[in-house]
Amino acid sequence: MANQKREIGVGLISVGWMGKVHSRAYQALPVVYPELGIKPRLVMAADTAPDRVEYAKDVLGYEQGTLDYHEVLANPEVDVVSICAPNFLHAEIAIAAAKAGKAFWVEKPVGRLAEETEAVQAAAQAAGVVSSIGFNYRHAPAVEHIKQLIADGSLGRITNIRGSFFADYSSEPNGALSWRFVRSLAGSGVLGDLMGHLVDLVQYLVGPIAEVSGMTKTVYTERPKLEMGKATHFAVIENGEMAPVENEDYAAMMVRFADDALGAGAVGTLEASRVSVGPRASYNFEIYGTEGSVKWDFERMNELQVAIGRHGAHLGYQRVMASPGFGDFSAFQPGAGTSMGYDDLKVVEARKFLEAFVGVSARNSNINDAVSANRVLGATERSAESRTWESVAAVDGTTAAKRP
Ligand SMILES: NC(=O)c1ccc[n+]([C@@H]2O[C@H](COP(=O)([O-])OP(=O)(O)OC[C@H]3O[C@@H](n4cnc5c(N)ncnc54)[C@H](O)[C@@H]3O)[C@@H](O)[C@H]2O)c1
């Protein structure tokens with residue numbers, strides 16, 4: 001069978017944390033999903049840091065490396081590209097990829113502002129290329145199961161939601177001032193980072209958000225400088241030269257869902273923080289309906305809390321482990337209790353991207369989803385400024401949950 005597999009040439013732009021995770025996902029794909037008949041071939045990787053190009057070739061297994069990402073896009077052997085650069089480059093690279101006719105899998109948030117993401121959307125639509133976004137938390141089997149519970153009415157009418165994506169990755173005051181804290185390089189702070197994931201998740205599960213009231217706060221206003229590509233935002237630098245933090249560490253919003261949302265009429269609150277002490281990567285949400293409720297937390301990714309029904313002696317939450325039948329669980333493990341990990345979510349994401357690329361399904365999150373999430377985040381920033389509710393313009397072609 002091996003010689004019948006369809007080979008897909010992969011280009012990688014930026015070999016940081018996400019570049020590594022995307023590469024591992026492509027490599028794992030034929031192992032996890034042999035039935036797809038897809039074999040990614042790692043053709044060329046680019047990074048401006050020479051040691052990362054070497055790492056891409058020597059360790060990740062790319063055939064060629066370059067310091068200039070344009071060479072990846074010009075390479076005729078490259079069919080699809082992973083764009084894992086810092087945020088300020090997403091739009092420039094994704095637009096160039098679309099113009100070169102390459103399907104792209106781009107990390108969130110895509111643009112620094114909704115307008116930049118919309119420019120990528122226009123380029124992808126004009127070129128007719130497939131896009132996929134790094135909204136990985138969608139793919140957790142427990143989350144996919146929750147989506148099914150909402151869609152089949154098990155929770156009744158959705159009334160309200162609560163979500164908080166709290167991490168400690170910047171809780172150290174001398175945590176390095178990576179590109180993430182500089183507005184021209186990242187755009188917003190925790191909004192574009194963790195809140196983008198949370199907004200995408202609730203839109204995927206409950207439906208489009210139509211209106212927000214937001215609030216933001218910067219807890220640490222300066223941090224020690226870090227040279228690009230030298231370390232990640234997890235690095236701590238003692239006695240370094242300090243520079244200002246230009247975006248928010250914490251954000252909160254109240255939301256109202258749109259009339260065409262599956263959960264129309266529902267309201268809720270969403271929070272995100274990159275400086276919390278205690279939660280390590282506590283990315284959680286709760287969804288409440290008239291017949292039941294669910295809770296999920298990424299720190300316990302393989303389980304969910306479910307309460308269905310309003311009567312009986314055992315009323316209340318039950319802990320349910322993800323198991324075969326939940327999302328893509330059975331592609332990874334044969335039985336419940338053997339846990340999947342973060343990198344596995346990227347394997348599922350690679351599957352959805354490449355299935356869309358070869359035209360067998362359209363289960364990938366796409367550039368319209370990124371525009372939609374970015375509009376919600378932009379409205380939150382405007383609301384934090386104006387101290388009034390802001391409406392969010394609807395986006396066509398998303399994979400948000402909508403009424404049938
Ligand atoms: N989906 C997720 O869960 C998730 C998690 C982390 C990061 N991200 C996103 O992934 C993206 C990358 O984040 P990261 O943590 O991997 O960053 P990182 O800092 O680890 O890596 C960024 C890389 O980009 C390289 N680079 C800089 N300028 C370049 C250029 N002109 N051409 C090519 N390469 C260049 C740097 O040298 C570095 O190797 C960001 O957009 C971030 O928001 C997503």
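In the annotation of an unreviewed UniProt entry, the chain is listed under the name Myo-inositol 2-dehydrogenase and assigned to Candidatus Rhodoluna planktonica.

Colleague: Give me the lowdown on unusual backbone geometry, citing residues and values where you can.
Modeller: The residue after K108, namely P109, is reached through a cis peptide bond having omega 5 degrees. Tracing the chain through its elements places P109 in the loop between strand 5 (103-106) and helix 5 (114-127). Its identity as a non-glycine residue notwithstanding, N239 has a phi of 60 degrees, on the positive side. Structurally, N239 can be placed in the loop between strand 9 (222-224) and strand 10 (242-244). Of the residues examined, N239 has 7 C-beta atoms within 10 Å and is grouped as exposed.

Colleague: Kindly report on the site of the ligand, identifying the contributing residues and their values.
Modeller: Within the structure, the ligand sits among 25 residues, and S14, G16, M18, E107 and G229 are positioned closest to it. Those elements that provide at least two residues to the shell around the ligand are helix 1 (17-32) and helix 4 (87-99). When residues of the shell around the ligand are sorted by domain, at least three fall in each of domain 1 (2-136) and domain 2 (137-391).

Colleague: Just give me the short version of helix 4, but keep the residues and values in it.
Modeller: Spanning 13 residues, helix 4 covers 19 Å between terminal C-alpha atoms, matching the ideal 18 Å at 1.5 Å per step. Among the residues making up helix 4, those that are buried are N87, H90, A91, I93, A94, I95, A96, A97 and A98. Of the residues trailing helix 4, G101 is marked for its positive phi of about 75 degrees.

Colleague: How would you sum up the pairing of strand 1 (residues 6-13)? Please name residues and give values.
Modeller: In regular strands, side chains alternate between the two faces of the sheet. Here eight bridges tie strand 1 to strand 2 (residues 38-46), and the two strands are oriented parallel to one another. Bridge pairing in strand 2 links R6 to I38. The β-α-β motif built from strand 1, the intervening helix 1 and the parallel element strand 2 has right-handed crossover chirality. Examined bridge by bridge, strand 1 and strand 4 (residues 80-83) share four bridges and lie parallel to one another. Within strand 4, the position partnered with G11 by the bridge is V81.

Colleague: Quick rundown of the domain arrangement of the chain? Include the residues and the values.
Modeller: Its domain assignment divides the chain into domain 1 (2-136) and domain 2 (137-391). Of note, the centres of domain 1 and domain 2, computed from C-alpha atoms alone, are 23 Å apart. Domain 1 puts 43 residues into the contact, and the matching count from domain 2 is 41 residues. At nine residues, the largest contribution of residues to the side of domain 1 that touches domain 2 is made by helix 1. By residue class, the composition of the side of domain 1 that touches domain 2 is 26 nonpolar, 10 polar and seven charged.

Colleague: How would you explain the UniProt feature "domain: GFO/IDH/MocA-like oxidoreductase" (unreviewed entry) in the chain if you had to name every residue and give the values?
Modeller: Following the UniProt record, the feature "domain: GFO/IDH/MocA-like oxidoreductase" (unreviewed entry) maps to residues 144-294 here. The span residues 144-294 carries 18% helix and 34% strand; its end-to-end C-alpha distance comes to 12 Å.

Colleague: Summarise the nonpolar core; cite the residues concerned and give the values.
Modeller: Ranked by internal contacts, the top residues of the largest apolar core, which has 117 residues, are A94, M195 and V206. The leading source of residues in this core is helix 8 (residues 191-205), at nine residues. The contact partners of A94, leaving out residues within four places of it in the chain, are I83, F104, V106, V110 and V120. Within the second largest apolar cluster, seven residues are counted, among which are A176, F181, V182 and V245.

Colleague: An account of the sheet that holds strand 15 (residues 303-308) is needed here, citing residue identities and associated values.
Modeller: In sheet architecture, strand pairing relies on hydrogen bonds along the backbone and comes in two forms, parallel and antiparallel. Strand order in the open sheet made by the nine strands is 16-15-14-13-7-12-11-8-17, with mixed pairing throughout. Strands with a single pairing partner mark the edges of an open sheet, and in this sheet they are strand 16 (318-321) and strand 17 (390-391). Relative to strand 17, strand 8 (residues 209-217) runs antiparallel, the two sharing two bridges. Bridge pairing links V212 to E390 in strand 17.

Colleague: Which residues make up the packing of helix 8 against helix 11 (residues 367-386), and what are the values?
Modeller: Each packed pair of helices is defined by two parameters, the angle between the axes and the distance between the axes. Running from amino to carboxyl end, helix 8 crosses helix 11 at an angle of 120 degrees, the nearest separation of the two axes being 9 Å. Classified by the interaxial angle, the pair formed by helix 8 and helix 11 is oblique. Classified by chirality, the crossing of helix 11 by helix 8 is right-handed. Here L191, G192, M195, G196, V199, D200 and Q203 of helix 8 come into contact with helix 11, specifically with D369, S372, A373, V376, L377, T380 and E381. Residue composition of the contact of helix 8 with helix 11, by class: six nonpolar, five polar and three charged.

Rules used in this analysis
Residues numbered from 1 in each chain as written. Predicted model: local features only at pLDDT ≥ 70, side-chain atom pairs only at ≥ 80, totals over all residues. Helix = DSSP H or I, 4+ residues; strand = E, 2+ residues; numbered from the N terminus. Buried ≥ 20, exposed ≤ 12 C-beta atoms within 10 Å, placed from the backbone. Near = placed C-beta within 6 Å. Domains from an automatic or database assignment. Expected span 1.5 Å × (residues − 1). Pairing = 2+ DSSP bridges. Right-handed = clockwise from strand over helix to strand, strands pointing away. Contact = placed C-beta atoms within 7 Å. Nonpolar A, V, L, I, M, F, W, Y, C, P; charged D, E, K, R; others polar. UniProt positions renumbered as here; feature names shortened; annotations may be inferred. Core = buried A, V, L, I, M, F, W, Y, C linked by C-beta atoms within 7 Å. Axes fitted to C-alpha atoms, helices over the stretch in contact; angles between N-to-C directions. Parallel < 35°, antiparallel > 145°, perpendicular 65-115°, else oblique. Left-handed = near helix turned anticlockwise from the far one by under 90°.

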